[in-house]
Each structure stands twice: as structure tokens, then as C-alpha cells.
Amino acid sequence: AAKQDAVVRKQVRKTAPIERREGLMLVDAHACLYAAYWATVKLKLQNERGEGTGAILAFANLMRAFLREVPVSHLAVIFDSPGAAKTRQEILPEYKTNRNHPPDEFKQQVGKAKEMCEAFGWSYREETGYEADDLIHTFATSSSEKMRVHIISIDKDLAQLVGPNVVLHRDTKSPKIEMNAEDVVAKWGVSPDQIGDYLAMVGDPSDCIPGVPGVGSAFAKRLLKQHGTLERVIQAAENNEPLPPRVNSKTTVTLLEYREHVRQMRE
């Protein structure tokens, strides 16, 4: 009897409900699923109908791990809407054109992932014409005054949302590792509110966004450290203000030449 009681107690511990604290988890579903697809594609996991299931399985495990280790009260799984990149391509035709079209097998699993969210009771959102990071930005900024926000994404662009009540989880295999503002500075050398300005100057090859020629990471960090924002950097160049140490005058000439371009990339 004592042995049976021990087994029962063990099972109760396993299935006991998790106490959830006030907070919001925002999951960049498309980015997580895409990474999951390529991490499992060689395993050739399929169901009895021959349909690929690797990305769905990996995504389900990711979700379960985060919901267990980061027990928050609110959840939104955010998907890109089909063709959402076209909105930004109207401004920059090259935007994301360096990426291969997702395989049909991946597209099929995205649809199945939405069905899985419904089956598990995980709220998911998708808005026509918007990418996931657009919605994540809206939800994070509108909710952070009321509760702690956890963003699950490998996308460095979302680091600009990190603040006193917003953290970023880029390591999808380690739910407890979260990035705060100090971590963002340690990783990229600029503060969260400077990430957008920084990427506008140096470019982002993953999205096919060109930077300012000759303005690399080191120069961009020095300019932002001295002036704070991209607009102040441009104003300083226009007013011929003193340059930060180890930044040559050719850099300011190039910045002035590309000032409208870099402002457009900031958008």
C-alpha cells in the first residue's frame, strides 16, 4: 500500500496545475517554426498520411517547455499573414528577397500548427498585411504598463522592445534565459531603443536591408554613443559637429549622402 501511495503522489506531482503569474507571453510563431523545420527536416518525421510533422513536434515541445518554465497568465502565438512582406517591399523592393521560398511541406505545417494551437487552447493571432513582429510590437507596448511581457523570438529586431517590463527569449532551447536591457547592450553594444537606428546604419543582411556604405558596426556604435539617436547623428553631420574618436570625416560625408536612405531603412 505504501508503495502504491508513493506512485500516486509522484503522479500527482507530475500533473499538479502550474500556478501562473500575471504576465504575457508573445510567441513569434513563424520564426520559431521555420527554425524548427530546418532543425528537424533531416529526420523526415511524418504521420501515417506521409505529411511532415517535424516542425510541429519541435514547436509543440518548445511551447510546452516555455509554458512550464515561464508560467504566465496570458499567451498569444503570433503568425505572419501570407504575403505580409509585400507591405515593406513597397518601400524597399529588395526586402527579404534574399530568402528562398519556404518549401510546401513547411507551409503545410504552419497550417497544422494553427490547428494545434486551437486544440491546446493557445490563443493565436494573424492580421492581413502584417508580419508577426508588427503585432508583437503592438501587443508588447500596449501591455507592458500592466504586466511583464515575455517575447519568444530569434529575431534581433525585437530587441528594441526590451525594457523595464519586457524581456526577450532568443534561446528557444533554454526558456529561463531572458535578455534584459543590460544584456542587449552586452550583445550589440547599443541600448534597446537604439537597435532600430543601429540596424538602419549597418544594415541587416538577414532581411536584405542595405546599410550605409563604409559605416560598419564599430562606427555606428561610436556615433550613437555620442549622439544618442540616428536623427541626432544626421544633425551633427549637417552641422559639422566634432566627430567621436576613431570616426573619420568620410563617414559623415557618406551619412549626409545617404541620409534619406537611412531614414527610410529606419522605418
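Notes on the structure follow. Owing to the predicted nature of the structure, the values given are computational and were not obtained by experimental measurement. Every chain's residues receive numbers from 1 upward, in the order its sequence appears when written. Totals for whole chains, interfaces and linings use all residues, but because this is a predicted model, local features are given only for residues with pLDDT of at least 70 and pairs of side-chain atoms are given and counted only at 80 or more. The side-chain values count all of the structure's non-hydrogen atoms but skip hydrogen atoms and water molecules.

## Regarding the pairing of strand S1 (residues 21–28)
Note on strand geometry: in a regular strand, side chains alternate between the two faces of the sheet. Most of S1 sits out of view: 6 of its 8 residues are buried. Strand pairing is defined by DSSP finding a minimum of two bridges between the two strands. In this text, helices come from DSSP runs of H or I with a minimum length of four residues, and strands from runs of E with a minimum of two, each type numbered from the N-terminal end. In this sheet, strand S2 (residues 72–78) lies alongside S1 in parallel orientation, the contact comprising 6 bridges. If you follow Leu24 over to S2, its bridge partner there is His74. Bridging between S1 and strand S4 (residues 148–152) involves 5 bridges; their strand directions are parallel. Note that in S4 the partner of Leu24 across the bridge is Val149. Buried, partly exposed and exposed residues are distinguished by accessible area as a fraction of the type maximum, computed with a 1.4 Å probe on protein chains only: under 20%, between the cut-offs, and over 50%, respectively.

## Re the nonpolar core
Note on soluble globular proteins: their nonpolar side chains tend to be buried together. Residue types Ala, Val, Leu, Ile, Met, Phe, Trp, Tyr and Cys, when buried and joined through side-chain atoms within 4.5 Å, form a set referred to as a nonpolar core. By size, the foremost hydrophobic cluster in this structure holds 40 residues, and its most contacted members are Leu26, Ile151 and Met201. Among the elements that line this core, the one with the most residues is helix H8 (residues 195–202), at 5 residues. Judged by nonpolar contacts, the second largest core, of 27 residues, contains Ala29, Cys32, Tyr37 and Val70.

## Observations regarding the environment of Leu75
Relative to the elements of secondary structure, Leu75 occurs in strand S2. Judged by its relative accessible area of 18%, Leu75 is buried. Sequence separation between Leu75 and Gly121 is 46 residues; the distance between their C-alpha atoms is 9.9 Å. Here, two residues are considered to be in contact whenever any of their heavy atoms come within 4.5 Å of each other. For Leu75, the contacting residues outside a window of four places in its chain are Leu24, Met25, Val27, Met63, Leu67, Trp122 and Ser123.

## Describing the sheet that holds S4
Spatially, the 5 strands line up as an open sheet ordered S3-S2-S1-S4-S5, and their pairing is parallel. Lying at the two open borders of the sheet, with one neighbouring strand each, are strand S3 (124–125) and strand S5 (166–169). In this structure, S2 lies alongside S3, joined through 2 bridges in parallel fashion. Of the residues in S3, the one forming a bridge with Ile78 is Arg125. Sheet strands in contact with helix H2 (residues 29–40) are S1, S2 and S4, and its direction is about 60° off that of S1. Lines fitted to C-alpha atoms define the axes here, with helix axes fitted over just the stretch in contact, and angles between the N-to-C directions of these axes take values from 0 to 180 degrees.

## Some remarks on the side chain of Gln194
On the secondary structure map, Gln194 appears in the loop between helix H7 (181–188) and H8. Polar contacts, as used here, are pairs of N or O atoms within 3.5 Å; protein pairs need one atom able to donate a hydrogen and one able to accept it. Residues neighboring in sequence count only if both atoms are side-chain atoms. Within the local environment of Gln194, its side chain forms a polar contact with the backbone oxygen of Leu224, the two atoms lying 3.3 Å apart. Sequence-distant contacts of Gln194, that is, excluding residues within four places in its chain, are made with Leu224 and Gly228.

## Let's talk about the packing of aromatic side chains
To pair, rings of Phe, Tyr and Trp, with the six-membered ring standing in for Trp, must have centres within 6.5 Å; the planes then decide the type, stacked if under 30 degrees apart, edge-to-face if over 60, and tilted in the middle. This model, assessed by the stated rule, comprises 6 aromatic pairs. Ring centres 5.1 Å apart and planes at 85° place the aromatic pair Tyr34 and Phe106 in the edge-to-face group. Of this pair, Tyr34 sits in helix H2 while Phe106 is found in helix H5 (residues 104–120), placing the two residues 72 residues apart along the sequence. The buried category is assigned to Phe106, whose relative accessible area is 1%. For the pair Tyr37 and Trp38, a centre-to-centre distance of 5.0 Å together with 80° between the ring planes defines the contact as edge-to-face. Here a set of aromatic residues connected by ring pairs shows up, and it is made of Tyr34, Tyr37, Trp38 and Phe106. For a ring to carry a charge above it, either NZ of a lysine or CZ of an arginine must fall within 6 Å of the ring centroid while also lying within 35 degrees of the normal to the ring plane. Above the ring of Phe79, the side-chain terminus of Lys114 is found at 5.3 Å from the ring centroid.

## Describing the pattern of salt bridges
Pairing is possible between side chains of opposite charge, provided their charged atoms come close. For salt bridges, the criterion is a side-chain nitrogen of Lys or Arg within 4 Å of an Asp or Glu carboxyl oxygen. The full count for this structure, using the stated rule, is 14 salt bridges. Arg148 is the salt-bridge partner of Glu178, the closest N and O atoms lying 2.8 Å from each other. Taken together, the positions of Glu178 in the loop between S5 and H7 and Arg148 in strand S4 put the pair 30 residues apart, joining distant regions of the chain. On the basis of relative accessible area, Arg148 is assigned to the partly exposed category, the value being 29%. Measuring nitrogen to oxygen at the nearest pair gives 2.8 Å for the salt bridge that ties Arg263 to Glu231. Linking Arg263 in helix H12 (residues 259–266) with Glu231 in helix H10 (residues 230–238), this pair joins segments that are 32 residues apart in sequence. In this structure Glu231 comes out as partly exposed when scored by relative accessible area, which is 33%. A cluster of three or more residues bridged by salt bridges with shared partners is formed by Glu48, Arg49 and Glu51.

## Examining helix H11 (residues 249–257)
Three or more residues of H11 are buried, namely Thr251, Thr252, Thr254 and Leu255. On an axial view of H11, the arc spanned by its buried residues comes to 160°, and they lie on one face. When the buried face of H11 is taken as reference, the exposed residues oriented beyond 90 degrees from it are Ser249, Lys250, Val253 and Glu257. Against H8, helix H9 (217–227), H10 and H12 lie the buried residues of H11. Throughout, the arc means that of the directions going from the helix axis to the C-beta atoms.

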